[in-house]
Each structure stands twice: as C-alpha cells, then as structure tokens.
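Inside the fold
As a plain string of letters, each chain reads:
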Amino acid sequence: MIFPLGRPPGLCYQAGDLTSDKPLRIGVLGSGKGSNLVALADACESGAINASIAIVLSDVEDAGILKQAAQRGLAERFVAPGKFRTKLDETAEAACIDALTEAEVDLVALTGFMRILKGDFLRAFENRVINIHPSLLPSFPGLEAWKQALDYGVKVTGCTIHFVDQGIDTGRIIAQKPIDVKIDDTPQSLHDRIQAAEHELYPATVARIARGEVAFGGF
C-alpha cells in the first residue's frame, strides 16, 4: 500500500511549469547501478507516467546508471564532483545546473545520488528536487538506512519520497510505502525488498506529480 502525503490532489502552487497536461521532462541524478532509473524510464516509455527522461547525470564515471541510460538511448553525462567527499564543489554544481537547464527539465529526481545538494542548485530548481530514501522518514535518515532499521529492531520499515532541502533527508514527505521486517531478515534481504518497494513507489509518485496532484509551494 502506498501512502501519499501532503495537500489534496489537484493543488499545485508553482504555476506554469508543472501541469497535468504538459509532459514532464525529468532530470535524473544517481551514483549507483540505476535500478530506480530503469523503473522510471520503463514507466515513461509505457505511458504510465506522462513524462520523459531528459537527461541522466552521475558523479561516478563508471556508474551503472550511466550505462543503463546509454542502453536506453537517453542523454547521459558524467560530472566530475570535485574535491569534496560528500557534496559537489561549486564547479560541479554549476555544471549540473547548466546540463539540467539545457535539457529543459521540469523535475529533478535523485536515485541513489550520494552527494548533498546545497545552495545554488536548490535555488535553481526550488521545490523541484525529489529523492527516494530507504526508510520511513523521519526514522533512519542518512546512509544504509535498512541496516539502521534492522539494528534498531523495528518491525516495519519501507521507503519515502520527499522534497530535497538543505538538510539530510529532512524535506517535506510526498509519499511512503511500508514493508514488514521479517524475523530472519539480513541487511541484504531487507534491502532487496525495500528496493522492490522503491521501484513501485517512485514511478507511482512521479505519475502523481505529472498529473498535478502534488503541491509544490507554500510549505
């Protein structure tokens, strides 16, 4: 079961760009293998989402997400992240902004992007950056959330889609999908089931955004 959160359907407070009759152009940022990109791209291709993937960016030169994009004929680009370990430097951030702007994206979707986005990037795409996180936020933000949940002993975890703000996994929640934690779960088995839930939740939520069912401003 998917739990959409936020204002009622039909309210979209950022006028002019995200509308229910205009196909969305999505920019995807990722650092890993790209399984959520595949889920989004397949949903766009099938018509389940009124959208297209305009460009895929990664901070990892040999990331699987770039290979997945290339196999699907999607525009893709490696952006050297710069000198910092956990965030993009100013040059890299500017390069991402330029690439996404040139691709005329309406929405930026993070899929396992392992660097914090700050400042100019969030101002350039204000209230237009979403992320998927492998826990039921606000519980277990940060890295390896499925291990955190297992170590803590919770009986239910899941995944969350939220807007990205200046904090770490602190932005307004859009939707969540819970899953039960099994008594014999390992970190890998739990992570696998969370990822399967992500592959359902992300396309369903982006489809809601494309239909104008998610409020973007005034929160």
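The shown structure was predicted, so the numbers you read here are calculated from the model rather than taken from an experiment.

1. Focus on helix α6 (residues 187-210)
In this model α6 runs 34 Å from its N-terminal to its C-terminal C-alpha over 24 residues, within 8% of the 34 Å that 1.5 Å per residue would give. Where α6 ends, the next residue or the one after it, G212, has phi of about 80 degrees, a positive value.

2. A closer look at the pairing of strand β7 (residues 156-163)
Among the eight residues in β7, seven count as buried, and that is most of the element. Bridge analysis of strand β6 (residues 129-133) against β7 gives four bridges, and the strand direction is antiparallel. The partner of N131 across the bridge, within β7, is H162. Pairing between β7 and strand β8 (residues 173-180): seven bridges, direction antiparallel.

3. Points about helix α5 (residues 145-152)
An α-helix turns once per 3.6 residues; consequently, residues spaced three or four apart project the same way. Every buried residue belonging to α5 is among A145, W146 and A149, and all of these are buried. Viewed along the axis of α5, the buried residues span an arc of 105 degrees, placing them on a single side of the element. Positive phi appears at G153, one or two residues downstream of α5, with a value of about 90 degrees.

4. Digging into the pattern of salt bridges
Applying the stated criterion across every chain, the model contains nine salt bridges. In this structure, R72 and D42 form a salt bridge, with 4.0 Å as the shortest nitrogen-oxygen distance. Of the two residues, R72 is situated in the loop between α2 (64-71) and β4 (76-78) and D42 in helix α1 (residues 35-46); the sequence distance between them amounts to 30 residues. By relative accessible area, R72 is classed as partly exposed at 33%. For D42, a relative accessible area of 38% puts it in the partly exposed group. The salt bridge partner of E213 is R208, with a shortest N-O separation of 4.0 Å. Each of the salt bridges in this network shares a partner with another, and the network as a whole consists of R208, R211 and E213.

5. Describing the side chain of N131
Relative to the helices and strands, N131 resides in strand β6. The contacts of N131, once residues within four sequence positions are left out, are L110, T160, I161, H162, V164, D169 and Y202.

6. Observations regarding the packing of α5 against α6
Where α5 meets α6, the axes come as close as 9 Å, and the angle between the chain directions of the two elements is 125 degrees. As summarised for this structure, α5 and α6 are arranged oblique, according to the angle between their axes. Note that α5 runs across α6; the crossing there is right-handed. Contacts from W146, K147 and L150 of α5 reach α6 at P187, L190, H191 and I194.

7. With respect to the nonpolar core
The biggest cluster of nonpolar side chains holds 40 residues, and the ones touching the most others in it are I26, I49, I53, V56 and I130. Take this core: its biggest share by element is nine residues, from α6. Setting aside anything within four residues of it in sequence, one finds I26 in contact with C44, A51, S52, I53, A54, I55, V105, L107, A109 and V206. Core analysis: the next-biggest nonpolar cluster, separate from the first, contains 22 residues, L29, I97, L110 and F113 among them.

8. Some details on the packing of α1 against α6
It is at 9 Å that the axes of α1 and α6 come closest, and there the two elements cross at 40 degrees. Overall, the two elements α1 and α6 adopt an arrangement that is oblique. Seen from above, α1 lies across α6 with right-handed handedness. Between α1, through S35, N36, A39, L40 and A43, and α6, the contact on the second element is made entirely by Q195, E198, H199, Y202, P203 and V206. Considering only residue class, the contact of α1 with α6 consists of six nonpolar, four polar and one charged.

9. Some details on the side chain of D185
Assignment of secondary structure puts D185 in the loop between β8 and α6. What makes D185 buried here is its relative accessible area of 12%. A polar contact of 2.7 Å, which involves the side chain of D185, links it to the side chain of S189. Polar contacts involving the side chain of D185 include one to the side chain of R193, which spans 2.7 Å. The residues touching D185, leaving out its near neighbours within four places in the chain, are L150, D180, L190 and R193.

About the thresholds
- Residues numbered from 1 in each chain as written.
- Predicted model: local features only at pLDDT ≥ 70, side-chain atom pairs only at ≥ 80, totals over all residues.
- Heavy atoms only, no water.
- Helix = DSSP H or I, 4+ residues; strand = E, 2+ residues; numbered from the N terminus.
- Expected span 1.5 Å × (residues − 1).
- Buried < 20%, exposed > 50% of the residue type's maximum accessible area, 1.4 Å probe, protein only.
- Pairing = 2+ DSSP bridges.
- Arc of directions from axis to C-beta.
- Salt bridge = Lys/Arg side-chain N within 4 Å of Asp/Glu carboxyl O.
- Contact = heavy atoms within 4.5 Å.
- Axes fitted to C-alpha atoms, helices over the stretch in contact; angles between N-to-C directions.
- Parallel < 35°, antiparallel > 145°, perpendicular 65-115°, else oblique.
- Left-handed = near helix turned anticlockwise from the far one by under 90°.
- Core = buried A, V, L, I, M, F, W, Y, C linked by side-chain atoms within 4.5 Å.
- Nonpolar A, V, L, I, M, F, W, Y, C, P; charged D, E, K, R; others polar.
- Polar contact = N/O pair within 3.5 Å; in protein donor to acceptor, adjacent residues only side chain to side chain.

Any functional reading would require information that these geometric values do not contain.
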